[in-house]
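Chain and residue survey
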Amino acid sequence: MTDAGGHLGTKYIAFSGVLDLSEVTWAVYDLPGIITAARERQQNCELPQAIRFEMAPDDLPNSDLLLASGLLQYLDQPFAEFVQSLPHRPTYIIVNKVALWGRPKAFTIERIGAGRVPYQIRNRPAFEAEIAAMGYVIEDQWDIEGLGHVIATHPWLGQSQSAGYLLRSVA
């Protein structure tokens with residue numbers, strides 16, 4: 001299982017309280033600074049030893065499931081390219097907290113603490129067409145109430161929506 005943008009293994013920690021993950025290889029892929037901090041915390045026994053932390057796609061194990069929860073708005077490459085960079089094409093992909101709307105895609109800046117990061121809002125029909133072009137079908141989808149955003153400097157554009165998808169490979 002590859003948890004892309006998985007930070008310090010927060011999803012593993014949350015799910016391990018309700019699911020038996022003892023036979024799951026859980027690999028977190030994130031930015032080098034996050035992975036370095038995670039590995040240090042893991043060495044200090046502050047994070048579970050069962051989580052594998054990787055900063056390069058080539059170092060990830062073959063996984064049939066890709067979890068990308070909260071990743072896509074920050075991803076600095078097309079989603080299809082990211083999936084192609086993985087060492088193994090996952091059979092299933094769960095994307096969650098995807099910022100979408102009916103307008104053309106837009107980029108803005110999000111404030112996270114004292115920092116600012118680029119933030120992408122995707123066009124929903126174009127994103128769903130990208131999924132199909134990748135050779136995946138949408139098995140399920142859901143909207144996440146309360147996670148939409150209004151760009152403060154452009155309020156007339158309206159609010160984005162936050163959504164999730166379960167994708168299955170058909171290629």
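Structure's up top.
Scope of this entry: the structure provided in the associated data block. All of these numbers come straight from a predicted model, not from anything done at the bench.

**A closer look at the overall build of the chain**
The helix and strand inventory of the chain stands at 4 helices and 9 strands. Counted from the first residue to the last, the chain has its helices and strands arranged as β-α-β-α-β-β-α-β-β-β-α-β-β. Here the chain has a C-alpha radius of gyration of 17 Å; the compact-globule value for 171 residues is 16 Å, and the two agree. Reported as C-alpha extents along the three principal axes, the dimensions of the chain are approximately 50 × 45 × 30 Å. Taken across its 171 residues, the chain has 40% of its residues classed as buried. The long-range fraction of contacts in the chain, counting pairs at least 24 apart against all pairs at least 6 apart in sequence, stands at 67%. Summed over its atoms, the accessible surface of the chain is roughly 9,400 Å², and 54% of this surface lies on carbon and sulfur atoms.

**Examining the side chain of glutamate 54**
With respect to the secondary-structure elements, glutamate 54 resides in strand E3 (residues 51-54). We classify glutamate 54 as buried; its relative accessible area is 10%. In this structure the side chain of glutamate 54 is engaged in a polar contact, spanning 3.4 Å, whose partner is the side chain of arginine 39. Every residue in contact with glutamate 54, bar those within four places of it in the chain, is listed here: Val28, Tyr29, Asp30, Ile35, Arg39, Asp59 and Leu60.

**Observations regarding the pattern of salt bridges**
Where charged atoms from two side chains of opposite charge approach closely, those side chains can pair. Counted by the stated rule, this structure contains 5 salt bridges. With a shortest N-O distance of 3.4 Å, glutamate 54 and arginine 39 are connected by a salt bridge. Of this pair, glutamate 54 sits in strand E3 while arginine 39 sits in helix H2 (residues 32-43), and the two are 15 residues apart along the sequence. Residue classification places arginine 39 among the partly exposed positions, given a relative accessible area of 32%. Between arginine 168 and glutamate 139 there is a salt bridge; the shortest N-O distance is 2.6 Å. Here arginine 168, found in strand E9 (residues 161-169), pairs with glutamate 139, found in strand E8 (residues 136-143); they are 29 residues apart in sequence, far enough to count as distant. Arginine 168 sits in the partly exposed class, given a relative accessible area of 30%. When its relative accessible area of 40% is taken as the criterion, glutamate 139 is described as partly exposed.

Conventions adopted
- Residues numbered from 1 in each chain as written.
- Predicted model: local features only at pLDDT ≥ 70, side-chain atom pairs only at ≥ 80, totals over all residues.
- Heavy atoms only, no water.
- Helix = DSSP H or I, 4+ residues; strand = E, 2+ residues; numbered from the N terminus.
- Rg over C-alpha atoms; globule rule 2.2 N^0.38 Å.
- Buried < 20%, exposed > 50% of the residue type's maximum accessible area, 1.4 Å probe, protein only.
- Contact = heavy atoms within 4.5 Å.
- Areas by Shrake-Rupley, 256 points an atom, 1.4 Å probe, with all protein chains shown as cover.
- Polar contact = N/O pair within 3.5 Å; in protein donor to acceptor, adjacent residues only side chain to side chain.
- Salt bridge = Lys/Arg side-chain N within 4 Å of Asp/Glu carboxyl O.

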